[in-house]
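Coordinates in review
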Amino acid sequence: MKARITITLKPGVLDPQGKAIEGALHALGFDGVDGVRQGKFIEVEVTENDPERARAEIERMCEQLLANTIIENYAYELEAA
Amino acid sequence: MKASIIVFPGSNCDRDAAVALRSAMGSAPNMVWHGDSELPDSDLILLPGGFSYGDYLRSGAMAAHSPIMREVVRRAKAGTPVLGICNGFQVLTEAGLLPGVLMRNATLRFICKDVLLKVERIDTPFARHYTPGQVVRIPIAHKDGSYFADPATLHLLENENRIAFRYCEHDGTVTDAANPNGSSDNIAGIYNETGTVLGMMPHPERLIDPAQSGTDGAKMFSSLVETLH
């Protein structure tokens, strides 16, 4: 199965990169842009075919390595590979 | 005193740290490759600065799971002093030995310059050759050095007297202007609960000899040698 994992900074955590991107978008004339936050996107293929077990495995990966849960939230979608 | 320096792929301050330790100890530290699972008998473990694993994913995240780190965590929990400098500090937070996280500098820039630090505490193996409240000059060189922790953790660090160094002015006052990277409460370094694990962004190993224009970093290594023999 394939997991598409999105890692985002928690609300309230300062995101200077998001701010810089927002500033660049404004400079390009996109005046209506606000609240830009930068995150990460990670694709993982797992050999596990049982969705429930695959979910548990993906969550362990996120907790142990892929996200730093002090500052980041994670979400994922699972699909048949 | 026996010391071990852990070398990760991408470490680049390991040899500077070795020079600093050798000049303080009179003998060479062990250089231990991250892929090893055995750590020699050590009175001190040092995690050096650099860019372990190219800072992939997050600074220090991959190194925190290197084979040797299991043993480092075990020894740290058993009381062996551990000093993490710069990337070493990032590794210590990712490994869960210190709370919080080092985030991208508020300026988004890599900052390489001398900064002034207020010594907040001297009753540890690392700091006894400093004086309380002393202002020392030590260089920083990082892009991910903005210390972040939630308000409860910051409160705990303050209450338990676990802040090691704060970025400050010449007279020791802690101001926003003296904060180079946006760190919460100007924190430049913190201790664990027992004062035996120290993580700090500044590089004491870079100012140990008058030829380097200062020796404020040398006192950390002489403190360690006197405490740990």
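Conventions used here
- Sequence order sets the numbering: in each chain, residues are counted from 1 along the sequence as written.
- Here every chain gets a letter starting at A, and every ligand a number starting at 1, in the order they are written.
- Residue-level local features of this predicted model are given only where pLDDT is at least 70; pairs of side-chain atoms are given and counted only at 80 or more, and the full residue set underlies all totals for whole chains, interfaces and linings.
- Per the convention used, a helix needs a DSSP run of H or I reaching at least four residues, while a strand needs a run of E reaching at least two, with both numbered from the N terminus.
- Atoms counted for the radius of gyration: C-alpha only. Globule rule: 2.2 Å times residue count to the power 0.38.
- Any residue whose C-beta has 12 or fewer other C-beta atoms within 10 Å is treated as exposed, any with 20 or more as buried, and any in between as partly exposed, C-beta atoms being built from the backbone.
- By the criterion used throughout, residues are in contact when their C-beta atoms, derived from the backbone, lie within 7 Å.
- Strands are treated as partners if at least two bridges between them are detected by DSSP.
- A fitted line through C-alpha atoms serves as each axis, taken over the contacting stretch for helices, and the angle formed by two N-to-C directions is quoted from 0 to 180°.
- Nonpolar core, as used here: buried Ala, Val, Leu, Ile, Met, Phe, Trp, Tyr and Cys residues forming one set through C-beta atoms within 7 Å.
- Across the chain, each position has a pLDDT score giving the predictor's confidence in that residue, from 0 to 100.
- Between 65 and 115 degrees an angle is taken as roughly perpendicular, under 35 as roughly parallel, over 145 as roughly antiparallel, and anywhere else as oblique.
- The sense of a crossing depends on the near helix, which, turned anticlockwise from the far helix by less than a right angle, makes the crossing left-handed and, turned clockwise, makes it right-handed.
- All residues other than Ala, Val, Leu, Ile, Met, Phe, Trp, Tyr, Cys, Pro, Asp, Glu, Lys and Arg, Gly among them, are scored as polar; the first ten of these are nonpolar and the last four charged.

Digging into the overall build of chain B
Across its full length, chain B holds five helices and eleven strands. In terms of C-alpha radius of gyration, chain B reaches 16 Å, essentially the compact-globule figure of 17 Å for 229 residues. Across its three principal axes, chain B shows a C-alpha extent of roughly 45 × 35 × 35 Å. Looking at chain B residue by residue over its 229 residues, the buried ones come to 55%. Considering only contacts in chain B between residues 6 or more positions apart, those separated by 24 or more positions represent 75%.

Examining the overall build of chain A
When helices and strands are counted, chain A shows two helices and three strands. Ordered by position in the sequence, the α and β elements of chain A form the string β-α-β-α-β. What you see for chain A is a C-alpha radius of gyration of 16 Å, clearly larger than the 12 Å of a compact globule of 81 residues, by over 25%. In terms of principal-axis extent, the alpha carbons of chain A reach across some 45 × 25 × 15 Å. In chain A, buried positions account for 12% of the 81 residues. Counting contacts in chain A only where the partners sit at least 6 residues apart, residues at least 24 apart contribute 67% of the total.

Let's talk about the sheet that holds strand β1 (residues 2-9) of chain A
Each strand in a sheet pairs with another by means of backbone hydrogen bonds, the pair being arranged parallel or else antiparallel. Residue and element names in this part refer to chain A. One open sheet holds the three strands; their spatial order is β2-β1-β3, and the pairing between them is antiparallel. Both edges of this open sheet fall to β2 (40-45) and β3 (72-79), since each of them pairs with a single strand only. Between one strand axis and the next, the sheet turns by 20° as a mean value, whatever way the strands run. By the bridge criterion, eight bridges tie β1 to β3 in an arrangement that is antiparallel. Looking at the pairing, L9 lines up with E72 of β3. Where helix α2 (residues 51-66) meets the sheet, its contacts fall on β1, β2 and β3, and the angle it forms with β3 comes to roughly 150°.

Quick notes on the nonpolar core
In this structure, B:I6, B:L117 and B:F221 are the most contacted members of the largest nonpolar core, which totals 74 residues. At six residues, the largest contribution of residues to this core is made by helix α1 (residues 14-25) of chain B.

Examining the environment of B:S59
All names here are of chain B. Along the chain, S59 turns up in the loop between β3 (44-47) and α2 (67-77). Classification of S59 by C-beta neighbours within 10 Å gives buried; the count is 27. Taking the C-alpha atoms as reference points, S59 and F165, 106 residues apart in sequence, are found 21 Å from one another. Sequence-distant contacts of S59, that is, excluding residues within four places in its chain, are made with N87, Q90, L102 and D144.

Observations concerning the pairing of β1(A)
Direction of pairing for β1(A) relative to β2(A): antiparallel, over a ladder of six bridges. Of the residues in β2(A), the one forming a bridge with A:R4 is A:E43.

Notes on the sheet that holds strand β6 (residues 111-119) of chain B
Residue and element names in this part refer to chain B. Strand order across the open sheet formed by nine strands is β2-β1-β3-β4-β11-β10-β9-β6-β7, with mixed pairing between neighbours. Edge strands, defined here as strands with exactly one partner in the open sheet, are β2 (30-33) and β7 (135-142). Adjacent strand axes in the sheet meet at a mean angle of 25° when their direction is disregarded. In this sheet, β3 lies alongside strand β1 (residues 3-7) in parallel orientation, the contact comprising three bridges. The residue bridging I5 from the neighbouring strand is L46, located in β3.

Some words on unusual backbone geometry
Excluding glycine, residues mostly carry a negative phi; peptide bonds, for their part, are mostly trans. All names here are of chain B. Of note in the backbone geometry, L57 takes a positive phi value of approximately 70° without being a glycine. In this structure, L57 sits in the loop between β3 and α2. One non-glycine residue, S213, adopts positive backbone phi at about 80°. With respect to the helices, strands and loops of the structure, S213 is situated in the loop between β11 (197-200) and α5 (218-228).

Side note on the confidence of the model for chain B
Across chain B, the average pLDDT comes to 97, with 100% of residues at 70 or higher. Quick note on the complex model: pTM equals 0.95, ipTM equals 0.87.

Structural notes on the packing of α1(B) against α5(B)
In a packed pair of helices, the relevant descriptors are the angle between the two axes and the axis-to-axis distance. Residues and elements named next belong to chain B. Across the interface, α1 lies against α5 with an axial gap of 9 Å and an inter-helix angle of 50°. With respect to α5, the axis of α1 lies oblique. Judged by the twist between their axes, the crossing of α1 over α5 is right-handed. Across from A20, L21, A24 and M25 in α1, the residues of α5 making contact are F221, S222 and V225. For the contact of α1 with α5, a count of residues per class yields six nonpolar, one polar and no charged.

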